[in-house]
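# Examination of the molecular architecture
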Amino acid sequence: MAPILSIRDLRKSYEGGFEALKGVSLDIEEGEILALLGPNGAGKTTLISTICGITTPTSGSVTVGGHDIRSEFRAARQMIGLVPQEVALEPFEKVVNTVRFSRGLFGYGRDDARIEEILRKLSLWDKRDNAVKELSGGMKRRVLIAKALAHEPRVLFLDEPTAGVDVELRKDMWEVVAELKAAGVTIILTTHYIEEAEAIADRIGVISGGELLLVEEKTALMRRMGQKFIEVQLT
Ligand code: ATP
């Protein structure tokens, strides 16, 4: 089967000539979870925003479900859900309306049954009539994911979903990822934490200095190299 996501020799130089991506190539199979591990400034966010068509690459290509992210942006973007690293929710909006609005942006009608399905998937159904500001930190993160899933994308990007959260919340997010995987969603997430990648990913990619140093099936990687090697890469 063709990969759901294909990235070929993706390069990005920012103004001033700084090369944040130095030729990244990667295929993602439908249903898999890939964790991209890397230190601050490695290029993780640049990679995600370039894949999603928010940042224009200097060269290279990305196809999502066979659609080129640049020449067929609308079709490709329809297949992508994105939870950026820094994103604000409207505090006074009801949870259900937050998701409904996001779905509407992609041209869908009311579709209450689908909204219910999405909210149930994230265990938010009971909170649907609460204003976002009334929710706990963990529930707010779930709302961000529900918003990103509102248009039923096939690939979900989570940029450092557990940055700055405590251990409890981190584990809650791991559970959410596991549940989404069980529901067949393909997930690419970035993280600084090896234990996070180990807990939730099928494959782990290590990115540093704008290069994808390796991408391997998790268990093979952990067995072959041991944790120490990866800790060295990340410091
Ligand atoms: P972090 O883990 O800290 O979020 P990251 O791995 O996501 O880091 P990026 O945010 O992609 O890294 O940044 C990669 C490099 O590109 C960094 O050196 C950063 O300073 C630089 N960079 C990012 N955005 C821009 C920009 N708009 N203009 C110039 N340089 C940028």
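The name given to the protein in an unreviewed UniProt entry is ABC transporter ATP-binding protein, with Lutimaribacter marinistellae as the source organism.

### Brief notes about helix α3 (residues 95-105)
Taken together, the buried positions of α3 are V95, V96, T98, V99, S102 and R103. Summarising the axial view, the buried residues of α3 lie within an arc of 165°, below the 170-degree limit, and thus occupy one face. Facing away from the buried side of α3 by over 90 degrees, the exposed positions are F101 and L105. Next to the buried residues of α3 lie α4 (112-121) and α5 (137-148).

### Considering the sheet that holds strand β5 (residues 67-68)
The strands making up a sheet associate through hydrogen bonds between their backbones, and the pairing can be parallel or antiparallel. Pairing is antiparallel in the open sheet, where four strands are placed in the order β2-β1-β4-β5. Bordering the open sheet on either side are β2 (19-28) and β5, each of which pairs with just one other strand. Relative to strand β4 (residues 59-64), strand β1 (residues 5-13) runs antiparallel, the two sharing five bridges. Residue pairing in the sheet places S6 in a bridge with T63 of β4. In this fold helix α1 (residues 44-51) packs onto β1, β2 and β4, with an angle of close to 120° to the strand it touches most, β1.

### Examining the nonpolar core
Counting residues in hydrophobic clusters, the biggest one holds 42 residues, and the most contacted among them are I145, L156 and I187. Apart from residues lying up to four places away in sequence, I145 is in contact with V83, L122, L156, L158, M173, V176 and L180. Listed in part, the 27 residues of the second largest apolar core include L34, I51, L82 and F157.

### Topic: the pattern of salt bridges
A full pass over the atoms with the stated rule returns 16 salt bridges. Here R154 ties to E30 by a salt bridge, and the two come within 3.0 Å at their closest N and O atoms. Of this pair, R154 sits in the loop between α5 and β7 (155-158) while E30 sits in the loop between β2 and β3 (33-37), and the two are 124 residues apart along the sequence. On the accessibility criterion, R154 (36% relative accessible area) is partly exposed. A network of salt bridges, in which partner residues are shared, links R103, D111, R114, E117 and E152.

Criteria and cut-off values
Residues numbered from 1 in each chain as written. Predicted model: local features only at pLDDT ≥ 70, side-chain atom pairs only at ≥ 80, totals over all residues. Heavy atoms only, no water. Buried < 20%, exposed > 50% of the residue type's maximum accessible area, 1.4 Å probe, protein only. Helix = DSSP H or I, 4+ residues; strand = E, 2+ residues; numbered from the N terminus. Arc of directions from axis to C-beta. Contact = heavy atoms within 4.5 Å. Pairing = 2+ DSSP bridges. Axes fitted to C-alpha atoms, helices over the stretch in contact; angles between N-to-C directions. Core = buried A, V, L, I, M, F, W, Y, C linked by side-chain atoms within 4.5 Å. Salt bridge = Lys/Arg side-chain N within 4 Å of Asp/Glu carboxyl O.

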